[in-house]
Each structure stands twice: as structure tokens, then as C-alpha cells.
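Per-entry structural report
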Amino acid sequence: MSDRTKPRKPKPSSSSPPPSPTIALTVKMARRCLLKPTLATAFLSLLFLYALFHTLLTPFPSPSSASAFAAIDLSPSPPPAPKIYLYDLPSKFTYGVVRSYLRARDSPVPANDADIRYPGHQHSAEWWLLSDLARPPTARSPNSALQLTLDPEEADLFYVPFFSSLSLVVNPIRPGGSDIAGGGGSTAYSDEGTQEELVEWLEGQEHWRRNRGRDHVIVCQDPNALYRVIDRVRNAVLLVSDFGRLRADQASLIKDVILPYSHRINSYKGDVGVEGRHSLLFFMGNRYRKEGGKVRDTLFQILEDEKDVVIKHGTQSRESRRMATQGMHSSKFCLHPAGDTPSACRLFDAIVSLCIPVIVSDYIELPFEDVINYKKIAIFVDTISAVKPGYLVSKIRKVSNERILQYQKELKMVKWYFEYENPNGTVNEIWRQVSSKVPLIKLMINRDKRLVQRGRDDPDCSCICSKQNGTISIRK
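Residues numbered from 1 in each chain as written. Predicted model: local features only at pLDDT ≥ 70, side-chain atom pairs only at ≥ 80, totals over all residues. Heavy atoms only, no water.

Residues Leu239, Leu303 and Phe333 are the most contacted members of the largest nonpolar core, which totals 105 residues. In this structure, Phe333 is in contact with Leu280, Leu281, Phe282, Cys355, Ile356, Val358, Ile379, Ile396, Val399 and Ile404, ignoring residues within four places of it in sequence. Counting residues in hydrophobic clusters, the runner-up holds eight residues, among them Phe282, Ala324, Met328 and Ala350. (Core = buried A, V, L, I, M, F, W, Y, C linked by side-chain atoms within 4.5 Å. Buried < 20%, exposed > 50% of the residue type's maximum accessible area, 1.4 Å probe, protein only. Contact = heavy atoms within 4.5 Å.)

In C-alpha cells form, the structure reads like this:
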């Protein structure tokens, strides 16, 4: 058939509309939609096959390797313990103070330092801390928060082992108020002179001058220790019993550490219980004190005739300690009123006796409060309420035997914090507290480097001051 005879396709009429763009787009989208599921299905299939073969071909870990992997500790390592350097002070500031104390009492004086023993004293923290740092490093507690270093250049802290509290009482007071001189006709020991000599020695040390003493640690546990030179060492970390006689620009909870007194009576070795504790409340101590301690006389007046209450006037002596031991070990509650300052060793005697402390001291500071909740081991009574007749005794009589046992269990759990003789006890806790001050010390040192030079006596309360503590008097 010729091309002419073939039927021709009709030409579209010029009047018929062209294909709609919407229809064309719809067709393209339909094709893409058919394509996408196909690609997604293929991808998922490949992924499934890979996971299947990887699981089949990978051997299961053995129990030993699995346990080894589980034992790996991925937590960050703790920072190394700060390092402390022990100053080699001249002997007259350490063992020489003990010798002067013994001579003043006509007691035998050992020739060798190794034979020296610190006199029984409630402020013996200075002895225990030096003893810890002076022993060989391998003999120190492995749990100590501070490393001892023999290189001052790598030290974070410098310990000044002056026996400041013992120095204060070297010369006993004789009748008439006069201090006796040292034995053998020697001149009298001078605590004030010794304080001055110590500071002169420190100010001659490069590491003291370098940071104005901020990284130094000094014990002044007796409220009057270092009283003559306190303003010249106030930058240091001070180890104190309370802030009763320190100004707010001299000491604070932020830069300093509260120490417990050494307990003077033997720890209670028995178990918790009310059997054998026949007294309700016990107190033995000096009735007449100054300042806030005047509350004691008032408490004597309202408590001395109360049933089951034992309250006695007594001073420091071997017989008084024996009677106090017997009284605290046989009483449910032990009274702790403020003395010349807010705290006293009697509180820590009560704790190691499992005798629930009843604290009447509005401005007391307590050691290790970051780990000890004293509300669980003691009863606090404000001074105004405590001196109301009948109030104090009525309050503690309401405490049930079950609650007393709970208090005693808590006391038993924490009493090791207050046992200096315990290798992992008080000394370790003091070093832990001191080590926590290192970041602040570094902050203050760096801050000092960029500040304009100030006068020596200008107060700097921006980082170290807290409200001054004190005691209150009872108005009659």
C-alpha cells in the first residue's frame, strides 16, 4: 500500500485545548511515589541482611570477658589530694613549749623529743595534728584527705605546728594572781613574747610572704590563743573551737575550720539503753562564768532542786573527771550551757558517753556539720526558754524511751568523729575540712594578684566574713 493509500492520523484540531499542566504534574508525582517505596524497601532489606549476618558471624563474649568489661570504671578519676608541707619550726615553738610547761610545775623534763608527751588538755588538737604529720608517710592513715610533701614548692598548704593553746597556760597561776617563773631560777615563760617571735619567724619565710599567709594553717583552739598577733595571721586558715572572741574580719566559717575539743572522760563502752541510766539530767562544771556563761548560775538555781537532776559545781581535776565520767555514763541527758565562750569540752564528753546533749548556747558553732546533723543527736533549747522555771525539765521528761534509744543509736554512729586517738577519727576529719578550703585559698590568692594594693589593715570582707558570733547575757 502506498503512502498515499495509508490512512492518516487525524491532526489535532487547533481548537482542542493542550494537556493541562496539573495533569502532567500529577503524572510525574505518581511516578516518583512509585519509585520512593521501592528504594526505601530495598534500603531496609539491605540493612536487615547486614544486621542478620553481623549477629551470626560475631561470637558471643565469654563470661570472663563480659565481667572484665563490666568492671571497667568509666567515671572520671577524683582529683589528687592536696599536698601539705610541715614547717620545721624551731623547737621552742613545739616541744619546747611542753618542756616549759613541765618545768613550771617542777615535773621531770625528757631530754629527747621522742619521749615528750603532751599534758592532758582539752585543746590537744595541736598535738594530734603535728603527731600525724611528723610520722613517716607510710604510717599515716591511707584515708587522709591531705598528702604530706617534703617539697615546699609543690605544696598547696603549709602547716605551722605552734602549740598556741598550751603556750597560753604554761605559767600556772598561784594564789595572789602571780605567774611563777620557770624552774631553776630561769626567767618566766612569756606567751606574748613567744607569739611575737613566731610571727617574726613566719614573716621571714618566702612562702608566707608570697601569698600573705593565705595558704598556711595555724591552730589556735583556745579562745585566747594567739590573741596578741591574731590580726597578723588572720589570712591563714585558723583551726578554732568557736568564734566567741574573734571578730568577723578575723575568722569565719568560710575560710576557717571548727575543731572539737578533746574529750576528757573515758568513752562509754556499753550498748544503747536506758537501763543503768537512772538520772534524767547531769551537769558538772564551773557555776560562775563571765559573759554568756552567766546563764549557768541561773540554770543552777532552777535545776538544783529538781528530781532526778544532778547538777554540781566542779573544776578541772582528776577527781572531777572521775565523777563526771560516772555521772555522764549513768544519765539520759547531759546539759551543755554556754561558758565564757559558746562551746566547751563538756559537749564532746557527753557525745562519747552516749548521753544526749541538751545545748543551751545560742551562738555555738559545731564541728563537721557537713556530715553530722546535730538535730539527730542533741536537743537545742534557746537561752530565754531554758531559764524559765520548769521549762527545761518538762521538755526532756516528755522524750519517750524509744526516742532516747534513737538518739543513742545516732550518737554511737558518730562518736568516732570525736575520738582523736582513733586513727581514722578526728584528725582525718580535720584534714578533710582543711582540704576543702583549698579552692577558696587559690581563688583569694589569684584575686589578690590583680587587685590594687590596699592598706595592711583595710578589711576585706568580700569572701571571708560571716556574722560575728558571740554569747548573750541573762538579765535578771
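Scanning the model with the defined rule gives one disulfide in all. Disulfide pairing places Cys334 opposite Cys355 at an S-S distance of 2.1 Å. Residues Cys334 and Cys355 are joined through a disulfide that is right-handed, its torsion about the S-S bond being 105°. Of this pair, Cys334 sits in strand β9 (residues 331–337) while Cys355 is found in the loop between α10 (346–352) and β10 (356–360), placing the two residues 21 residues apart along the sequence. (Disulfide = S-S within 2.5 Å. Helix = DSSP H or I, 4+ residues; strand = E, 2+ residues; numbered from the N terminus.)

As enumerated under the stated definition, the model contains 25 salt bridges in all. Linking Arg140 and Asp132 is a salt bridge whose minimum nitrogen-to-oxygen distance equals 2.9 Å. Its relative accessible area of 5% is what places Asp132 among the buried residues. The salt bridge involving Arg214 is made with Asp448; its shortest N-O contact spans 2.6 Å. Linking Arg214 in the loop between α7 (206–210) and β4 (216–219) with Asp448 in helix α15 (residues 438–450), this pair joins segments that are 234 residues apart in sequence. In this structure Arg214 comes out as buried when scored by relative accessible area, which is 5%. Overlapping salt bridges bring together Glu192, Glu196, Glu203, Arg228 and Arg232 as one network. (Salt bridge = Lys/Arg side-chain N within 4 Å of Asp/Glu carboxyl O.)

With respect to the helices and strands, Phe163 occurs in the loop between β3 (157–160) and α5 (164–168). As a C-alpha pair, Phe163 and His123 span 40 residues in sequence and 9.5 Å in three-dimensional space.

Pairing is parallel in the open sheet, where five strands are placed in the order β8-β7-β9-β10-β11. The sheet is open, and its two borders are formed by β8 (309–313) and β11 (379–380), each paired with just one other strand. One ladder, built from two bridges, connects β10 with β11; its direction is parallel. Bridging across to β11, Val358 finds its partner in Ile379. In the packing of helix α8 (residues 295–303) onto the sheet, the strands contacted are β7 (279–285), β8 and β9, and the crossing angle to β8 comes to about 135°. (Pairing = 2+ DSSP bridges. Axes fitted to C-alpha atoms, helices over the stretch in contact; angles between N-to-C directions.)

The pairing of strands in a sheet comes from backbone hydrogen bonds and takes either a parallel or an antiparallel form. The parallel open sheet is built from six strands, whose spatial order is β2-β1-β3-β4-β5-β6. The strands lining the two open edges of the sheet, one partner per strand, are β2 (147–149) and β6 (257–258). The pairing of strand β1 (residues 83–86) with β2 spans three bridges and is parallel. What sits directly across from Lys83, in β2, is Gln147.

Time to look at the confidence of the model for the chain. In the predicted model, the chain carries a mean pLDDT of 82, and the fraction of residues at 70 or more is 75%. Between residues 174–186, whose pLDDT stays under 50, and residues either more than four places distant or in other chains, the model counts 16 contacts. Contacts of residues 462–476 to residues separated by more than four positions or lying in other chains number 45 contacts, the stretch itself having pLDDT below 50. (pLDDT = per-residue confidence, 0-100.)

Following both chains from N to C, one finds helix α4 (residues 125–134) and helix α14 (residues 426–435) inclined at 85°, their axes separated by 10 Å at the closest point. On the basis of the axis angle, α4 is roughly perpendicular to α14. For the pair α4 and α14, the contacting residues are Trp128, Leu129, Asp132 and Leu133 in the first and Val427, Ile430 and Trp431 in the second. Residue classes in the contact of α4 with α14 are distributed as six nonpolar, no polar and one charged. (Parallel < 35°, antiparallel > 145°, perpendicular 65-115°, else oblique. Nonpolar A, V, L, I, M, F, W, Y, C, P; charged D, E, K, R; others polar.)

Let us now look at the environment of Val217. Within the secondary structure, Val217 is located in strand β4. Assessed through its relative accessible area of 0%, Val217 is described here as buried. Between the alpha carbons of Val217 and Leu238 there is a distance of 6.1 Å; along the sequence they are 21 residues apart. If we skip the residues at most four places from it in the chain, Val217 touches Leu157, Phe158, Tyr159, Val160, Val237, Leu239 and Val434.

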